[in-house]
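Results of the structural survey
Chain by chain, the residues:
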Amino acid sequence: MSAELKGVIFDLDGTLINTVEGLAMAVNQVLAESGLPTHKTDDIRFMVGEGMENLMLKALPPEMRSRERAVALLPRMGEAYEGCWRATTEVYPGVKEMLGELRR
C-alpha cells in the first residue's frame, strides 16, 4: 500500500531562501549606529535560527548582552532589514525546480 502525498511543509528562511546577507547588513547597521563592533557575514550565519531577538542578543558584545538591550534594538533592526531584504534575499539553487517537481 502506498501513501498519497497530500502536502509538503518547508521552513522558508534558511531552507528555501538565503537571507543571511540581509540579516547581517541589518544587524551590522544597528550595531554601527549604536557605536558597537560589527560582525562578518559568515559569523552572523551561525547566530541565526532562533528568531530576531536571539540574533540581536548574540550579536551584542558579551559585556553588553542582555535581553532588554536586544529587545530595545529590535525595532531599528526591523527597519534596517526592511530596507535591504529585497536586494539581498535569494532562492537557493534548485529550489524552484524542486518545487515544480513536487507540484506535479
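Concerning helix α1 (residues 20-33)
Since the α-helix turns once every 3.6 residues, residues separated by three or four places project in the same direction. Between the first and last C-alpha of α1 there are 20 Å, a value that for 14 residues agrees with the 20 Å anticipated at 1.5 Å per step. Every buried residue belonging to α1 is among Val20, Gly22, Leu23, Ala24, Ala26, Val27, Asn28, Val30 and Leu31, and all of these are buried. Buried residues in α1 make contact with β1 (17-18), α2 (41-45), α3 (52-59), α4 (67-82) and α5 (85-88). The positive-phi residue at the C-terminal boundary of α1 is Gly35, with phi of around 75 degrees.

Some points on the packing of α1 against α4
Working note: a packed helix pair is described by the angle between its axes plus the distance between those axes. The N-to-C vectors of α1 and α4 enclose an angle of 130 degrees; their axes lie 8 Å apart at closest approach. Here α1 is positioned oblique relative to α4, judged by the angle of their axes. Handedness of the crossing formed by α1 with α4: right-handed. For the pair formed by α1 and α4, the contact residues are Gly22, Leu23, Ala26, Val27, Gln29, Val30 and Glu33 on the first element and Leu73, Arg76, Met77, Ala80 and Tyr81 on the second. Tallied by class, residues from the contact of α1 with α4 come to eight nonpolar, two polar and two charged.

Looking at the side chain of Asn28
Tracing the backbone shows Asn28 in helix α1. Setting aside anything within four residues of it in sequence, one finds Asn28 in contact with Thr38, His39 and Ile44.

Cut-offs and rules
- Residues numbered from 1 in each chain as written.
- Predicted model: local features only at pLDDT ≥ 70, side-chain atom pairs only at ≥ 80, totals over all residues.
- Heavy atoms only, no water.
- Helix = DSSP H or I, 4+ residues; strand = E, 2+ residues; numbered from the N terminus.
- Expected span 1.5 Å × (residues − 1).
- Buried < 20%, exposed > 50% of the residue type's maximum accessible area, 1.4 Å probe, protein only.
- Contact = heavy atoms within 4.5 Å.
- Axes fitted to C-alpha atoms, helices over the stretch in contact; angles between N-to-C directions.
- Parallel < 35°, antiparallel > 145°, perpendicular 65-115°, else oblique.
- Left-handed = near helix turned anticlockwise from the far one by under 90°.
- Nonpolar A, V, L, I, M, F, W, Y, C, P; charged D, E, K, R; others polar.

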